[in-house]
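Remarks on the overall topology
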Amino acid sequence: MEVKIEESWKKRLNPEFSKDYFNQLTDFVKQEYNQYTVYPPGALIFNAFNLCAFDDVKVVIIGQDPYHGPGQAHGLCFSVNDGIQFPPSLNNIFKEIRDDLGKAIPASGNLTRWAEQGVLLLNATLTVRGELTNDRPNTKAGSHQGKGWEEFTDAAIRALAEEKENLVFILWGAYAQRKGAFIDRSKHLVLTSAHPSPLSAHKGFFGNHHFSHTNAYLKQHQKSEIDW
């Protein structure tokens, strides 16, 4: 099937598009969009890839699910559209950047500016049912897990880990750490800590200095630093 995704990613991920799991995933996702409110909007499902070409990737941040509230998700993990209130995890990320780098908390939670500098903001699952459908609660968080997205995003992470060198992989929380367990630590920098969620941020996310560590590593390998 024809998937609209940035050309350098299409070249690497093309084998996935003809696999049975991806065909089943496509059927499932189409049906969900037809029946329910699903996030992000269909045109933004592959936004993380489209904003950050394979050759431009310097840093990978792995999330889990898209946000499932109205107007939040736009295809980049932890990011929300301009004008949307910061979800708690994103608020904690900005607090850590402030404490780590002395940068003021920004007015917008839209992380497109990171993606355009080479930060792949990749959720493990690229779609999710919305919070409400016809005034009824859905299964929402996690509702599209186990349908094939994880296999697809594993393939993307594996392509980066195998083909490139000196990337920074940022894995917050047990889920992301399991997903990135296979990454060669002698070839890339892998940063791990607790998740920025309010439930765990005080258990090791705050004070992890991941943003300054990332920039130091990039500089060490003659790559431009990220303006967080």
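Here's a quick rundown of the structure. Once a new chain begins, its residue numbering starts again from 1 and follows that chain's sequence as written. Local features in this predicted model are restricted to residues of pLDDT 70 or higher, and side-chain atom pairs are both shown and tallied only at a pLDDT of 80 or more, whereas totals for entire chains, interfaces and linings draw on every residue. Water and hydrogen atoms were dropped before computing side-chain values, which therefore reflect all heavy atoms in the structure.

**So, the layout of surface pockets**
Rules: Of the two site types, the cavity is a set of points on a 1 Å grid over the protein atoms alone where a 1.4 Å probe fits but cannot get out, and the pocket is an open set with protein on both sides within 12 Å along at least five of seven lines, each lined by residues with an atom within 4 Å of a point. Grid points are joined across faces, edges and corners, and a volume is the space filled by probe spheres set on the points. Here a helix means four or more residues in a row that DSSP labels H or I, a strand means two or more in a row labelled E, and each is numbered from the N terminus. Gly falls in the polar group here, along with every residue not listed as nonpolar (Ala, Val, Leu, Ile, Met, Phe, Trp, Tyr, Cys, Pro) or charged (Asp, Glu, Lys, Arg).
In this structure, the largest pocket spans a volume of roughly 460 Å³. Taken together, 23 residues line the largest pocket, and the ones lying closest to its centre are Gln 64, Asp 65, Phe 78, Ser 89 and His 195. Elements that contribute at least two residues to the lining of the largest pocket include exactly strand S2 (59-63), helix H4 (88-101) and helix H7 (173-179). Element by element, the count of residues in the lining of the largest pocket is highest for H7, at four residues. For the lining of the largest pocket, the residue count by class is 12 nonpolar, 10 polar and one charged.

**A look at the packing of aromatic side chains**
As a reminder of what qualifies: A pair of aromatic rings is counted whenever rings of Phe, Tyr or Trp (Trp by its six-membered ring) have centres within 6.5 Å, and the orientation is called stacked for planes under 30 degrees apart, edge-to-face for over 60 and tilted otherwise. Working definition: with a 1.4 Å probe on protein chains only, accessible area under 20% of the residue-type maximum means buried, over 50% means exposed, and in between means partly exposed.
Overall, the coordinates contain 20 aromatic pairs when judged by the stated rule. With a centroid separation of 6.4 Å and 50° between ring planes, the pair formed by Phe 46 and Phe 49 is classed as tilted. Taken together, a centroid distance of 6.3 Å and an interplanar angle of 55° make the contact between Trp 114 and Phe 211 tilted. Of the two residues, Trp 114 is situated in helix H5 (residues 112-115) and Phe 211 in helix H8 (residues 210-220); the sequence distance between them amounts to 97 residues. As far as burial versus exposure is concerned, Trp 114 and Phe 211 are alike and both buried. These aromatic residues form a ring-pair network of at least three members: Trp 9, Phe 17, Tyr 21, Phe 22, Phe 46, Phe 49, Phe 54, Trp 149 and Phe 152.

Function-wise, these values are silent; they only describe arrangement.
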